[in-house]
Amino acid sequence: FVKEPKLYKGYNDLLVPVSSVLSMMEYNGIRINPPRLQASHIKTKQIIENALKDIKQYPTIKKYEHKNKIEFNPNSHVQLRDIFFGEKYENLDSIKKTKKKKQPSTDKDVLEYYKSTNALANLLYTYSQYNAMQKFCNEIKENITPDNRVHTTYWLTETRSGRSSSRDPNLQNLARGEKDLVGLRRIFIADKDFILAELDFSQMELRCMA
């Protein structure tokens, strides 16, 4: 702060006041509706089971398992890479490389790109999407208190952009709009005489840079 007085102003006028607000938010937590949480969890589980059943019956998957004498694991990027980009299977074109090993990527973006033209990619995209929702439900269940609240931890210094982040559970993983296919946002409810409000800065970082 001695070398950069301007930093102290940002610290004193922004970070310190915001820290107290976030601490209050952590302490108060947010109320959960357990029946809605359970309903979302059950619905998500059913969709995942149906997707896995269809995946296991897919001709290419059966061929892969028979040829390699192993059970297909939908979470294995090595297997997905072999199936999607191997000449003996789906033989798709790689559209993205992994950052470290520069191999064909099979992440969510790739599955989303091919889901409209490849039936297996569509099934695996569905599985991936709902699997993430199930993990979110489990995270809520693991952190819910006896009074049906979750007290997520907020961080101010974890992101390069300067925005806050949360953990245990990570509420920023919550799907929104049409992507909230199992009503995850409905599990959060307001206390008596209060309302829940959602605000969006609409790409505030880019506007500040401009």
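Refer to the structure printed above.
The residue count restarts for each chain, going from 1 along the sequence in the order it is written. With the structure being a predicted model, the display of local features is reserved for residues of pLDDT at least 70 and the display and counting of side-chain atom pairs for 80 or more, all residues being used for whole-chain, interface and lining totals. Where side-chain values are given, they derive from all heavy atoms of the structure, hydrogens and water being excluded.

1. Focus: the overall build of the protein
In DSSP terms, a helix is any run of H or I states spanning at least four residues, a strand is any run of E spanning at least two, and both are numbered starting from the N terminus. The helix and strand inventory of the protein stands at seven helices and five strands. Secondary structure elements of the protein occur, N-terminal to C-terminal, as α-β-α-α-α-α-α-β-β-β-β-α. Its C-alpha radius of gyration of 22 Å places the protein more than 25% over the 17 Å reference for a compact globule of 210 residues. Put simply, the protein has 210 residues, and 31% of those count as buried. Put simply, 54% of the contacts in the protein that link residues at least 6 apart link residues at least 24 apart. Within the structure as shown, the protein displays about 14,800 Å² of accessible surface, and the carbon and sulfur contribution to it stands at 53%. Based on C-alpha atoms, the radius of gyration is set beside the globule rule, defined as 2.2 Å times the residue count to the power 0.38. Buried, partly exposed and exposed residues are distinguished by accessible area as a fraction of the type maximum, computed with a 1.4 Å probe on protein chains only: under 20%, between the cut-offs, and over 50%, respectively. Whether two residues touch is decided by their heavy atoms; if any such pair falls within 4.5 Å, the residues are in contact. For accessible areas, the Shrake-Rupley method is used with a probe of radius 1.4 Å. Any residue's cover is judged against the shown protein chains and nothing else.

2. Overview of helix α6 (residues 119-143)
For α6, built from 25 residues, the straight-helix expectation of 36 Å at 1.5 Å per residue is met to within 8% by its first-to-last C-alpha distance of 37 Å. Pairs of N or O atoms within 3.5 Å make up the polar contacts considered here, provided that, within protein, one atom can donate a hydrogen while the other can accept it, and that residues adjacent in sequence are counted only when both atoms are side-chain atoms. With a side-chain oxygen positioned 3.1 Å from the backbone nitrogen of L120, the residue opening α6 is N118. Multiplying 1.5 Å by the residue count of a helix minus one yields the expected span of that helix.

3. What about the packing of aromatic side chains?
Here a pair means two rings of Phe, Tyr or Trp (six-membered ring of Trp) with centres within 6.5 Å. Their orientation is stacked below 30 degrees between planes, edge-to-face above 60, and tilted elsewhere. This structure, assessed with the given rule, holds four aromatic pairs. On the numbers, 6.4 Å between centres and 40° between planes, the contact of Y8 with Y11 is tilted. Taken together, the residues Y8 and Y11, both in helix α1 (residues 5-28) and three residues apart, mark about one turn of the helix. Note on F84 and F85: the rings are 6.4 Å apart at their centroids and 55° apart in plane angle, and the pair reads as tilted. Given a relative accessible area of 3%, F84 falls into the buried group. Its relative accessible area of 15% is what places F85 among the buried residues.

4. Considering a nonpolar patch on the surface
Taken together, Y8, Y11, L14, L15 and V16 make up a surface patch of nonpolar side chains, about 450 Å² in accessible area. By the secondary structure assignment, V16 is in helix α1. Residue class for V16 comes out partly exposed when judged on its relative accessible area of 38%. A patch consists of residues exposed above 30% relative accessible area that lack any salt bridge, with like charges linked at up to 9 Å and nonpolar side chains (Val, Leu, Ile, Met, Phe, Trp, Tyr) linked at up to 5 Å. Think of a salt bridge as a Lys or Arg side-chain nitrogen and an Asp or Glu carboxyl oxygen that are within 4 Å of each other.

5. Some details on the environment of L120
As for its position among the elements, L120 is in helix α6. In this structure, L120 is in contact with Y58, I61, I83, F84 and E90, ignoring residues within four places of it in sequence.

6. Structural notes on the side chain of E65
Position of E65 among the secondary structure elements: in helix α3 (residues 59-68). At 2.7 Å, the side chain of E65 and the side chain of K56 are in polar contact. For E65, the side chain forms a polar contact with the main-chain nitrogen of F72, separated by 2.7 Å. Not counting the four nearest positions on each side in its chain, E65 is found in contact with K56, I70, E71 and F72.

So, to be careful, I would describe these as geometric facts and stop short of saying anything about function.
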